[in-house]
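Coordinate analysis (summary)
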Amino acid sequence: MSKSSAHFRPSPAHDSAAARQLQQGYPWLRFSDATLEQDFRENHHRHSRRLVSLYLGIFALLVLALVAVDQWVLHRADNVLLKAIQYSAFFTLMVSVAIAVTENRFTRYYPLVVQCLATSLSMFVVGYELIDRPSGIPTIVLTIFSLYLFVGMRFVIALCLGVSVMVAYLAGMKLMQLPAPELIYDSCVLLLANVVGATAAYMLENLQRTAFLEARLLTEMANRDGLTGIHNRRAFDERLHLLWEQAIREQQSIALLLIDIDHFKAFNDCFGHQAGDHCLKKVAETIATATRRPLDMSARYGGEEFAVLLYDVNRKHVEQVTANIQAALKQLGLSNPVSIPEPHLTVSIGVACVVPHKSRTSYGVVQLADEALYAAKEAGRNQVVIRDVEYADLTTGAFRNANNLIRRLG
């Protein structure tokens, strides 16, 4: 695997764990980021479950075809009772694997269950071939290929099982004191089968990991604002919906900060749009530092307006976050001559802090934060207004300051 994926080369503007991993490569089939590795394994197991059922059906048909050839073409006269026991045990294991990959209750334990059943099934085939047909090398080769390609296990686990099958079969042949030329021949064939199967499995998992990272990166890019690099409105709406439902289940609070750059149009007219873009990037970077916890997020809400979602917070924590944002913006030293009374770039922040419940939707918290932002601007800008108790009697869609605006306009 090269240092960077041949399929997709991420730009520096979209730096993320997936982008960094694509650039670094993964020759040992393991991501350096633990969360990314865990997500891949869950995704791999989820997709494998759907395919393994199909592979099991094909494998069962092949076994039945071999049985038919054995009985009606080769006319082998074996012990009927022994045959019945062998095939009953074999198909019991096959059904067990089928149940493991189709039953949702086994989803959590799916990898372990499949590994155990694949090991049992493989060793059963080895034992069957050693007892019933000492020269059954084609069946062992098919078993090794199946472990690498058709059981849905990751490369490392499949490699261990493939080598174990080879060692077990050759050890059994040694104990049966078969001729040395035959033992050497079978050793070479099984070693070659492992090399071919392992190479194919390695390339397959490598491609699966690349496809996973590229899909993840494309999703991240679709949810990022092209200018600032933070989340966009689409990602914000999705996260707000998910956190709202989670907060209802867990009875936790949510805080929404709507942040508007003061006099941004005048800033653009004074310094030009390139300076305006630079300003937006710097403000976005500053705001993003306030969302370091796993469930928090920052987003560009639209134009010069940003949104911050905070999960499981109290009023004191929100006050600290808003104070940190304002202090960090002041340290940036971005001048704005039209900003009054401060000569530097400032923001107005409206905050809604609520505990969601089933009778309300997330539209209410957005409206409450919007009203708080409007109040901050009305108070002279460069202000923070936090609303929490007003949520109880909020009427969604009826903006509280609409009457004031109407009176002012007319």
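This text goes with the structure placed above it.
The structure contained in this document is the topic of the report that follows. (Residues numbered from 1 in each chain as written. Predicted model: local features only at pLDDT ≥ 70, side-chain atom pairs only at ≥ 80, totals over all residues. Heavy atoms only, no water.)

**Remarks on the overall build of the protein chain**
Put simply, the rule is: Secondary structure elements follow DSSP: runs of H or I of four or more residues count as helices, runs of E of two or more count as strands, with numbering from the N terminus. Relative accessibility under 20% of the residue-type maximum defines a buried residue, over 50% an exposed one, and the middle range a partly exposed one, all with a 1.4 Å probe and only protein chains included. Accessible surface is estimated by sampling points in the Shrake-Rupley manner with a 1.4 Å probe; for residues, cover comes only from the protein chains shown.
A count of helices and strands for the protein chain gives 13 helices and five strands. Every one of the 410 residues in the protein chain was classed for burial, and the buried ones make up 43%. A total of about 21800 Å² of accessible surface is found on the protein chain, and carbon and sulfur atoms cover 61% of it.

**Some details on the sheet that holds strand 2 (residues 297-302)**
To keep it simple, the criterion reads: Two strands pair if DSSP finds at least two bridges between them. To get an axis, a line is fitted to the C-alpha atoms, and for a helix only the part in contact is used. The angle between two axes follows their N-to-C directions and goes from 0 to 180 degrees. Note on contacts: a residue pair qualifies if any of its non-hydrogen atoms lie within 4.5 Å across the two residues.
If you trace the five strands from one edge of the open sheet to the other, you get 2-3-1-4-5, paired in mixed fashion. Each having just a single partner strand, strand 2 and strand 5 (384-387) make up the two edges of the open sheet. Strand after strand, the sheet turns through a mean of 20° between neighbouring axes, direction not considered. Packed onto the sheet, helix 12 (residues 363-378) meets strand 1 (254-261), strand 2, strand 3 (305-311), strand 4 (347-354) and strand 5 and runs at close to 145° relative to strand 4.

**Examining the packing of helix 10 (residues 273-288) against helix 11 (residues 315-332)**
For clarity, the cut-off: With the far helix as reference, a near helix turned anticlockwise by less than a right angle produces a left-handed crossing, and one turned clockwise produces a right-handed crossing.
With their axes 9 Å apart at the nearest point, helix 10 and helix 11 run at an angle of 145° to one another. In the crossing of helix 10 with helix 11, the sense of the turn from one axis to the other is right-handed. Between helix 10 and helix 11, the residues in contact are Lys282, Val283, Thr286 and Ile287 and Ile325, Ala328, Leu329 and Leu332, respectively.

**Description of helix 12**
Threshold: How far a helix is expected to stretch is found by multiplying one less than its residue total by 1.5 Å.
Taking 1.5 Å per residue as the helical rise, helix 12 with its 16 residues ought to reach 22 Å, and the 23 Å between its terminal C-alpha atoms agrees with that figure. In terms of burial, helix 12 is a largely internal element, 12 of the 16 residues being buried. Of the residues flanking the end of helix 12, it is Gly380, one or two places downstream, whose phi is positive at about 115°.

**Considering the side chain of His44**
Examined against the element boundaries, His44 turns out to sit in helix 2 (residues 34-73). Excluding residues within four positions of it along the chain, His44 makes contact with Gly152, Met153, Arg154 and Gln208.

**Some details on the packing of helix 6 (residues 155-175) against helix 7 (residues 180-222)**
In plain terms, the rule: In what follows, roughly perpendicular refers to angles from 65 to 115 degrees, roughly parallel to angles under 35, roughly antiparallel to angles over 145, and oblique to any angle outside these ranges. Residue classes follow a fixed rule: Ala, Val, Leu, Ile, Met, Phe, Trp, Tyr, Cys and Pro count as nonpolar, while Asp, Glu, Lys and Arg count as charged, and any other residue, Gly among them, counts as polar.
Taken N-terminus to C-terminus, the directions of helix 6 and helix 7 make an angle of 175°; their axes are 10 Å apart at the nearest point. One finds that helix 6 runs roughly antiparallel with respect to helix 7. Where helix 6 approaches helix 7, its residues Phe155, Leu159, Gly162, Val163, Met166, Tyr169, Leu170, Met173 and Lys174 are matched on the opposing element by Glu182, Leu183, Asp186, Ser187, Leu190, Leu191, Asn194, Ala198, Ala201, Tyr202 and Glu205. When grouped by side-chain class, the residues that make up the contact of helix 6 with helix 7 number 13 nonpolar, three polar and four charged.

**Structural notes on the packing of aromatic side chains**
For the record, the criterion: When the centres of two rings from Phe, Tyr and Trp lie within 6.5 Å, Trp using its six-membered ring, the rings pair. Their planes under 30 degrees apart give stacked, over 60 give edge-to-face, and anything left gives tilted. Our definition puts a charge over a ring when NZ of Lys or CZ of Arg is within 6 Å of the ring centre and also within 35 degrees of the ring normal.
Using the criterion set out here, one finds eight aromatic pairs in the structure. Measuring from centroid to centroid gives 6.2 Å for Phe264 and Phe267, while their planes differ by 15°, and the two rings are stacked. Here the residue Phe264 and the residue Phe267 both occupy positions in helix 9 (residues 264-271), the gap between them amounting to three residues, near one helical turn. Note on accessibility: Phe264 and Phe267 belong to one class, buried. With a relative accessible area of 5%, Phe267 lands in the buried category. Linked through ring pairs, Tyr26, Phe31, Phe40 and Phe212 together constitute an aromatic cluster. Sitting over the ring of Tyr301, Arg233 keeps its end group 3.9 Å from the ring centre.

**Quick notes on the pairing of strand 3**
A large share of strand 3 lies buried, amounting to seven of its seven residues. Across the two faces of strand 3 the burial is the same, with Glu305, Ala307, Leu309 and Tyr311 and Phe306, Val308 and Leu310 all buried. Where strand 1 lies against strand 3, seven bridges are found, and the strand directions are antiparallel. Counterpart to Ala255 in the pairing with strand 3 is Leu310. Connecting the antiparallel pair strand 2 and strand 3 is a turn made up of two residues, with Gly303 showing a positive phi of about 60°.

**Considering the pattern of salt bridges**
The following threshold applies: Only one rule defines a salt bridge in this text: a Lys or Arg side-chain nitrogen within 4 Å of an Asp or Glu carboxyl oxygen.
Scanning the entire structure with this criterion turns up 15 salt bridges. Residues participating in the shared-partner salt-bridge network are Glu37, Arg41, Glu205 and Arg209.

**So, the nonpolar core**
So the rule is basically this: For this analysis, a nonpolar core means a set of buried residues of the types Ala, Val, Leu, Ile, Met, Phe, Trp, Tyr and Cys, connected via side-chain atoms within 4.5 Å.
Counting 29 residues, the largest nonpolar core has Ile140, Ile144, Leu147, Met153, Tyr169 and Leu190 as its most contacted members. Taken together, the elements giving at least two residues each to this core come down to helix 4 (110-132), helix 5 (137-149), helix 6 and helix 7. For this core, the element with the highest residue contribution is helix 6, accounting for eight residues. In this structure Met153 touches His44, Val114, Gln115, Ala118, Leu147, Ala158 and Leu161, once residues within four positions along its chain are discounted. By size, the runner-up hydrophobic cluster in this structure holds 28 residues, among which are Ile261, Val283, Val321 and Ile386.

**Re the side chain of Arg300**
Note the cut-off: Polar contacts here mean pairs of N or O atoms no more than 3.5 Å apart (in protein, one a potential hydrogen donor and the other a potential acceptor; neighbouring residues in sequence count only if both atoms are side-chain atoms).
In this structure, Arg300 sits in strand 2. Polar contacts involving the side chain of Arg300 include one to the main-chain carbonyl oxygen of Gly303, which spans 2.9 Å. Setting aside residues no more than four positions away along its own chain, Arg300 makes contact with Asp225, Leu227, Thr228, Ile230, His231, Asn232, Arg233, Leu280, Glu305 and Phe306.

**Some thoughts on the environment of Leu147**
Assignment of secondary structure puts Leu147 in helix 5. The sequence separation of Leu147 and Ala198 amounts to 51 residues, and the corresponding C-alpha distance is 9.6 Å. Apart from the residues lying within four places of it in its own chain, the contact partners of Leu147 are Ala118, Ser122, Met153, Ala158, Leu161, Gly162 and Val165.

**Comments concerning a nonpolar patch on the surface**
The cut-off we apply is this: Patch definition: residues with relative accessible area over 30% and no salt bridge; like charges joined within 9 Å; nonpolar side chains (Val, Leu, Ile, Met, Phe, Trp, Tyr) joined within 5 Å.
Taken together, the side chains of Leu159, Val163 and Val167 define a hydrophobic patch exposed on the protein surface, amounting to about 200 Å² of accessible area. With respect to the helices and strands, the residue Val163 is situated in helix 6. Judged by relative accessible area, which is 33%, Val163 ranks as partly exposed.

**A short note on helix 5**
With 13 residues, helix 5 extends 18 Å from end C-alpha to end C-alpha; this agrees with the ideal 18 Å at 1.5 Å per step. Considered for burial, the residues of helix 5 that qualify are Ile137, Thr139, Ile140, Val141, Thr143, Ile144, Ser146, Leu147 and Tyr148.

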